[in-house]
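Structure assessment
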Amino acid sequence: MIKSVLAAAVLVALAPAALAQTAPAQDHSAHAAHAARPTIASPIKDLLNNPETAAVMEKHLPGVAQHPMRPQFEDMTLAQVMPISQGAITQATIDAIDTDLKALPAS
């Protein structure tokens, strides 16, 4: 009985290492670069700190980077700011930003 328990424990402990050794190497660099780019689910400051996504933001929300209230909303997402934006950010605006962000070439 003890041998069975020990054998099972050894198999459980070694299984992740065995799987890691047999997994084929894959190049995810292009996917990782694209995944690293901010999305509409990212905080606004992340969208504004990336030159590519900042251009999209400025296209749809001119002056957003210099908005005097930026410190209060930059840690929020577009969806979180929408209800308190007094109509400046609508679902249509978020959808347009999302479309343009997805159209950016992979870096």
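Residues numbered from 1 in each chain as written. Predicted model: local features only at pLDDT ≥ 70, side-chain atom pairs only at ≥ 80, totals over all residues. Heavy atoms only, no water.

Moving on, we get to the nonpolar core. Nonpolar side chains tend toward joint burial in soluble globular proteins. Core analysis: the largest hydrophobic core is formed by 15 residues, its most contacted members being Ile44, Met57, Leu61, Leu78 and Ile97. Contributions of two or more residues to this core are made by α3 (44-49), α4 (51-60), α6 (78-81) and α7 (91-103). If sequence neighbours within four positions are ignored, Ile44 has contacts with Met57, Phe73, Glu74, Met76, Thr77, Leu78 and Val81. (Core = buried A, V, L, I, M, F, W, Y, C linked by side-chain atoms within 4.5 Å. Buried < 20%, exposed > 50% of the residue type's maximum accessible area, 1.4 Å probe, protein only. Helix = DSSP H or I, 4+ residues; strand = E, 2+ residues; numbered from the N terminus. Contact = heavy atoms within 4.5 Å.)

This paragraph deals with the side chain of Thr77. Within the fold, Thr77 resides in the loop between α5 (70-73) and α6. Beyond its immediate sequence surroundings of up to four residues, Thr77 is in contact with Ile40, Ala41, Ser42 and Ile44.

Applying the stated criterion to the full structure yields five salt bridges. When the shortest N-O distance is used, the salt bridge between Lys59 and Asp100 registers 2.9 Å. Remark: Asp100 occurs in helix α7 and Lys59 occurs in helix α4; sequence separation between them is 41 residues. Among the residues examined, Lys59 registers a relative accessible area of 56% and is labelled exposed. (Salt bridge = Lys/Arg side-chain N within 4 Å of Asp/Glu carboxyl O.)

This part is about the packing of α4 against α7. It is at 10 Å that the axes of α4 and α7 come closest, and there the two elements cross at 150°. Remark: the crossing between α4 and α7 carries right-handed chirality. Counting all contacts with α4, which are made through Thr53, Val56, Met57, Lys59 and His60, the residues of α7 involved are Thr93, Ala96, Ile97, Asp100 and Leu101. (Axes fitted to C-alpha atoms, helices over the stretch in contact; angles between N-to-C directions. Left-handed = near helix turned anticlockwise from the far one by under 90°.)

Residue pairs three or four apart in sequence face the same way in an α-helix, which turns once every 3.6 residues. Those residues of α4 that sit buried are Thr53, Ala54, Val56 and Met57. Considered in projection along α4, the buried side chains sweep an arc of 160° and stay on one side of the axis. Seen from the buried face of α4, the exposed residues on the opposite side, beyond 90 degrees, are Pro51 and Lys59. Buried residues along α4 sit in contact with α3, α6 and α7. Here α4 starts with a cap whose side-chain oxygen sits 2.9 Å from the backbone nitrogen of Glu52, and that cap is Asn50. (Arc of directions from axis to C-beta. Polar contact = N/O pair within 3.5 Å; in protein donor to acceptor, adjacent residues only side chain to side chain.)

Before going further, it helps to spend a moment on the side chain of Arg37. Its location among the elements puts Arg37 in the loop between α2 (29-36) and α3. What makes Arg37 buried here is its relative accessible area of 5%. Here the side chain of Arg37 touches Glu52 through a polar contact of 3.0 Å, side chain to side chain. At a separation of 2.7 Å, a polar atom in the side chain of Arg37 contacts the main-chain carbonyl oxygen of Pro105.

Between its first and last C-alpha atoms α7 spans 18 Å; for 13 residues at 1.5 Å apiece the expected length is 18 Å, and the two agree. Among the residues of α7, Thr93, Ile94, Ile97, Asp98, Asp100 and Leu101 are the ones counted as buried. Residues of α7 that are buried in the fold lie against α3, α4 and α6. (Expected span 1.5 Å × (residues − 1).)

Note on backbone geometry: most residues besides glycine have negative phi, and most peptide bonds are trans. Residues other than glycine seldom take positive phi values, yet Gln86 does so here, at roughly 55°. Within the secondary structure, Gln86 is located in the loop between α6 and α7. Taking relative accessible area as the criterion, Gln86 reaches 81% and is therefore assigned exposed.

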